[in-house]
Amino acid sequence: MAKVLVLGGGFGGVVAAERLARLLGDEHQITIVSRTRNFVFYPALARLAFGKCTKDDVLFDLRHTMLSRRINFVEAEVAHVDPFERKVSIAHGQVEGKLPYDYLIFALGRRLATEKISGFYEHAHHLLNVDKAIQFGKAVAEFEEGRVVLGQCPGARLPVPVYESAFALARLLEDKGKHDRVRITVVTPTTLEAELGDTRAAATLRKSLDERGIELLANFGVSSLTRNSAKTKTGEAIDFDLLMLVPPFRGSSAATYMGVTDDEGYVHVNSNMRVVGQDRIYAVGDCVNFVGPKMGHMAVRQGEVAATNLADEIEGREPSALYRHEMRLVIDEIGAGNALYLHKDIEGAEPATVRQGRFWSWAKQIQQKYWEAKHS
């Protein structure tokens, strides 16, 4: 019998645990450890903020879902992993002490490095949990006039909610007849071309922003905030009346004890999703060191690859499933029924596939409903 621990209850961890349960026999033990029993469907948080779905649409009970799939569930906080003793230290939760494992999938995601941005918690909204999304939505609903700034900080790797929020806000103001009283600015620490990895996609998105009167301020890396101003390290500043930012990310601190991370704490893996330099350990999701954005569909595919290879390893076969690092990005113009679709092989030289239209908006919502139905 093999004891398999899956650390993390996000997209990568959930998909990996479910696939292992299908691939392995009943004699093997699969346990998922998550700091909370509530799974959050993060791609829908912008829709939640603008009243296009409810809190119940983006949350489901992970414990109930896992137990129904022959997967043990432990609600606890992981402190660190000891790959030599093959034990995971638990700080607090349902259990305390150490959990042994024979095989491990590390899927603890990333942490918010808000300490890098002075004044972030005091002056910025964000869309990285349910309560904060609801708070931002209330602030938007009460906003009458002035300048709204939305964007990413240096080290943030999540562009979609920024642009979705900008489009949704422009639509809302237009419906209220207040578009001329509000100035919407998107800031990015790089350029659209660098952010999307493709010049054609950048041109398409820039045109959509221009058509809706949304200005773009590129190469503006926010480093500190005051009550009404965002500043860069070089002294540039932009004033605001309402601010929503994606803060910097770092890898999970629980991985630093393993000696397998880069300078930002992300775990080194190969194309099999195996952790480089460690036996019997795989890593998936936002915690790994692949370049580019951190997105849910990437974590899902990585979880599938890791689980397939781990099952092969347990059953004495050589792992052969490979992960291909691709970006499938949909920026939904929430409320307008239109969307921009981008498909890009991040590690390849070929240009991206770019599409625009209502179909992609519908497809994104259908994907969300499918995930909710599957895990309810």
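None of these values were measured; they are calculated from a predicted model. (Residues numbered from 1 in each chain as written. Predicted model: local features only at pLDDT ≥ 70, side-chain atom pairs only at ≥ 80, totals over all residues. Heavy atoms only, no water.)

Observations regarding the nonpolar core
A general feature of soluble globular proteins is that nonpolar side chains tend to end up buried together. Grouped together as the largest cluster of nonpolar side chains are 115 residues, with contacts concentrated most on Leu 7, Leu 20, Phe 106 and Met 273. Here this core gets nine residues from one element, more than from any other, and that element is helix H7 (residues 160–176). Each residue touching Phe 106, except ones within four places of it in the same chain, is listed here: Leu 7, Val 81, Ser 252, Ala 254, Ala 255, Met 258, Val 267, Tyr 282, Ala 283, Val 284 and Cys 287. Among the nonpolar cores identified, the runner-up in size contains 14 residues, and Ala 124, Phe 220, Val 222 and Phe 240 belong to it. (Core = buried A, V, L, I, M, F, W, Y, C linked by side-chain atoms within 4.5 Å. Buried < 20%, exposed > 50% of the residue type's maximum accessible area, 1.4 Å probe, protein only. Helix = DSSP H or I, 4+ residues; strand = E, 2+ residues; numbered from the N terminus. Contact = heavy atoms within 4.5 Å.)

So, the layout of surface pockets
The computed volume of the second largest pocket comes to approximately 310 Å³. Looking at the second largest pocket, it is lined by 20 residues, and the ones nearest its centre are Ala 156, Arg 157, Ala 194, Glu 195 and Gly 292. Considering each element in turn, the lining of the second largest pocket owes the most residues, three residues, to helix H8 (residues 192–196). Residues that form the lining of the second largest pocket fall into these classes: eleven nonpolar, six polar and three charged. (1 Å grid on protein atoms, 1.4 Å probe; cavity = no way out; pocket = protein on both sides within 12 Å on 5 of 7 lines; lining within 4 Å. Points joined across faces, edges and corners; volume = space filled by probe spheres on them. Nonpolar A, V, L, I, M, F, W, Y, C, P; charged D, E, K, R; others polar.)

Things to note about the packing of aromatic side chains
Applying the stated criterion across every chain yields a total of six aromatic pairs. Residues Phe 11 and Phe 39 carry aromatic rings whose centres are separated by 5.3 Å and whose planes lie at 90 degrees to one another, so their mutual orientation is edge-to-face. Residue Phe 11 is located in helix H1 (residues 11–23), and its partner Phe 39 is located in strand E3 (residues 38–40); the two are separated by 28 residues in the primary sequence. Ring geometry for Phe 50 and Phe 136: centres 6.1 Å apart, planes at 85 degrees, overall edge-to-face. In this pair, Phe 50 sits in the loop between helix H2 (45–49) and helix H3 (55–58) while Phe 136 sits in helix H6 (residues 130–142), placing the two residues 86 residues apart along the sequence. Taken individually, Phe 50 and Phe 136 each receive the classification buried, so the pair is uniform in this respect. Following the ring pairs from residue to residue traces out a cluster consisting of Phe 11, Phe 39, Phe 41 and Phe 60. Taking the ring centre of Phe 249 as reference, the NZ or CZ of Arg 110 above it sits at 4.3 Å. Across from the ring centre of Tyr 266, 5.2 Å away, lies the NZ or CZ of Arg 157, which sits over that ring. (Phe/Tyr/Trp six-rings, centres within 6.5 Å; stacked < 30°, edge-to-face > 60°. Lys NZ or Arg CZ within 6 Å of the ring centre and 35° of its normal.)

Some points on the side chain of Thr 185
Inspection of the secondary structure assignment puts Thr 185 in strand E11 (residues 182–187). In this structure Thr 185 comes out as buried when scored by relative accessible area, which is 1%. There is a polar contact of 2.4 Å between the side chain of Thr 185 and the side chain of Glu 215. Once you skip the residues sitting within four places of it in the chain, Thr 185 turns out to touch Arg 147, Val 148, Val 149, Leu 150, Glu 215, Leu 217 and Ile 238. (Polar contact = N/O pair within 3.5 Å; in protein donor to acceptor, adjacent residues only side chain to side chain.)

Focus on H6
If you check H6, its first and last C-alpha atoms are 19 Å apart, about what 13 residues at 1.5 Å a residue would give, namely 18 Å. Of all the residues in H6, the buried ones are Val 130, Ala 133, Phe 136, Gly 137, Ala 139 and Val 140. Between a side-chain oxygen at the N-terminus of H6 and the backbone nitrogen of Asp 131 the separation is 3.2 Å; the capping residue is Asn 129. (Expected span 1.5 Å × (residues − 1).)

Points about the pairing of strand E2 (residues 29–34)
Most of E2 sits out of view: five of its six residues are buried. Here strand E1 (residues 3–7) pairs with E2 via five bridges, running parallel. Bridged to Leu 7 within E2 is Val 33. Handedness of the crossover joining E1 and E2 through H1: right-handed. Taken together, the four bridges between E2 and strand E5 (residues 72–82) define a ladder with parallel strand orientation. Bridged to Val 33 within E5 is Val 74. (Pairing = 2+ DSSP bridges. Right-handed = clockwise from strand over helix to strand, strands pointing away.)

So yeah, pure geometry; function would need other evidence.
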